[in-house]
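# A closer look at the structure
What follows is the residue order along each chain.
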Amino acid sequence: MIPQPSNGDTPVVDYYRELGLDNGCSIESIQAQIQELKKAWGQRASLAGKRGDEARKTLMLIDSALEVFKDDKSREHYERSLRASSSDNDEGVDWVARAWTYYFAKDYGPATVAARKARENCSTDPTAFVVSAWISLAEDQYDRAEEYASEAFVLDELGEDTFDVHKVRGATFLFQNKYDRAIEAFTRALSRATPVYKAEINGFLANCNYEKKSYTTAVAYALSGLGFEEGASFQDELIDTAKKIILKEISDTEDNEVNLKNLEHYREQVKNSGAREAPKQILISFIEGWIEITNISRELEELELKIEVSPAPAFPVKSIGAAIVFFVIFISSPNLIIFLLFAAPSAWVGFYIYRVFFLKGLIREHADKKQALERAIKSVGAVYDGESWTIEL
């Protein structure tokens, strides 16, 4: 049902304010905003203890909002009730929840205000500083974000917010290229993460190790994240991360033999991983596509070397002339010596013809291989900019 004041004293819930919705948007846009909030709060609802309870309470509010904004008629009825309601009072507002809601909606101005009020009203609540840190990260204020994350770490004496605290600390270190500290924080967060969050944290750890050029470890974390059914919403991101890592390593090496060895290593790593079958097959197909590309590249290099050391011979004008002269003489006066004198330049002419056709064959084979390479590259969604490979993700 649509919330209404029962006697003129009970205010209607202002979903626009509570959930950071834009009252100028169409019903379809508002429904999309609410669904995004539901997804974000649904993830937090997996947390244990007080934070999970708070998230589940917010989800109830979101579900009520979905009912209110199910169509234009329902929305119009609700807004009439809202206008008749009489409360602009901030008393009892959960500023932490409101800051999260604005943050999830990517409305960082109001999120910053709500986070400030949360810190003022809940100065000993670590989560007030956790959400403040995430908002600061979103606005590229990395030093301030680290300060808020450190404050949350100090306040988390009871350990109720340990996961949240270590996750945001890891993010602040990652954004500031402090990869060792980020790995330490994310590892601690992973040990406290619910299954819903494990895929995301493994993704963070994969990116940290990628930046450190620890590619095998990075891929291992991405594959670990792909093993959680609860983290299915992160599947595409983790697959793209694994592809990016593999492609980076083979882009850094020009030796095709080394690249083949690395690709075969990654193929075995994926096959033996705990990743779910669907993403596993996607990655195996990607790697095998690059094995094909690398093999074709190796064959092209060999062909180019053969072409380089097999230049087209000069046209044997003198040999052809000599062969014609000795052939005419041989017809007139056949004997062994004349025949041998005719055979020598004729053999050289024959060798020239063979070399021309051999070189043409190499050039034709090279062109065919280049076309095969282009098809293979297209099949894995790769683009070469003249210096490095990138993937169209």
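Below you will find a few notes about this structure. Remember, it's a predicted structure, so these values are computed and weren't measured experimentally.

Reading the values: rules and limits
Residues numbered from 1 in each chain as written. Predicted model: local features only at pLDDT ≥ 70, side-chain atom pairs only at ≥ 80, totals over all residues. Heavy atoms only, no water. Helix = DSSP H or I, 4+ residues; strand = E, 2+ residues; numbered from the N terminus. Buried < 20%, exposed > 50% of the residue type's maximum accessible area, 1.4 Å probe, protein only. Contact = heavy atoms within 4.5 Å. Axes fitted to C-alpha atoms, helices over the stretch in contact; angles between N-to-C directions. Parallel < 35°, antiparallel > 145°, perpendicular 65-115°, else oblique. Left-handed = near helix turned anticlockwise from the far one by under 90°. Phe/Tyr/Trp six-rings, centres within 6.5 Å; stacked < 30°, edge-to-face > 60°. Lys NZ or Arg CZ within 6 Å of the ring centre and 35° of its normal.

### Some remarks on the environment of Gly231
- Examined against the element boundaries, Gly231 turns out to sit in the loop between α12 (215–225) and α13 (235–251).
- The exposure class assigned to Gly231 is buried, which follows from its relative accessible area of 0%.
- Separated by 112 residues in sequence, Gly231 and Ala343 place their C-alpha atoms 79 Å apart.
- Dropping the residues within four chain positions of it, Gly231 is found in contact with Pro195, Val196 and Ala199.

### Description of the packing of α12 against α13
- Look at α12 against α13: their axes get within 9 Å of each other, and the N-to-C directions meet at 165 degrees. Taken together, the axis directions place α12 and α13 in an arrangement best described as roughly antiparallel. Handedness of the α12/α13 crossing: left-handed. For the pair α12 and α13, contact is made by Tyr215, Ala218, Val219, Ala222 and Gly225 and by Leu238, Ala242, Ile245, Ile246, Lys248 and Glu249, respectively.

### Quick notes on the packing of aromatic side chains
- The full count for this structure, using the stated rule, is 16 aromatic pairs.
- Between the aromatic rings of Tyr15 and Phe69, the centroid separation amounts to 6.4 Å while the plane-to-plane angle is 75 degrees, which identifies the pairing as edge-to-face. With a gap of 54 residues between them, Tyr15 in helix α1 (residues 15–18) and Phe69 in the loop between α3 (49–68) and α4 (72–84) connect regions that are remote in the sequence.
- Exposure remark for Tyr15: the relative accessible area of 2% places this residue in the buried category.
- The class of Phe69 is buried, set by a relative accessible area of 0%.
- A centroid spacing of 5.4 Å and a plane angle of 90 degrees characterise the contact between Trp41 and Phe104, whose relative ring orientation is edge-to-face. Of this pair, Trp41 sits in helix α2 (residues 27–44) while Phe104 sits in helix α5 (residues 95–104), and the two are 63 residues apart along the sequence. Note on accessibility: Trp41 and Phe104 belong to one class, buried.
- Three or more aromatic residues link up through ring pairs in this structure, and these residues are Trp41, Trp100, Tyr103, Phe104 and Tyr108.
- The residue whose ring lies beneath Lys244 is Tyr210, and the NZ or CZ to ring-centre distance is 4.5 Å.
- Sitting over the face of the ring of Phe357, Lys360 holds its NZ or CZ atom 5.9 Å from the ring centroid.

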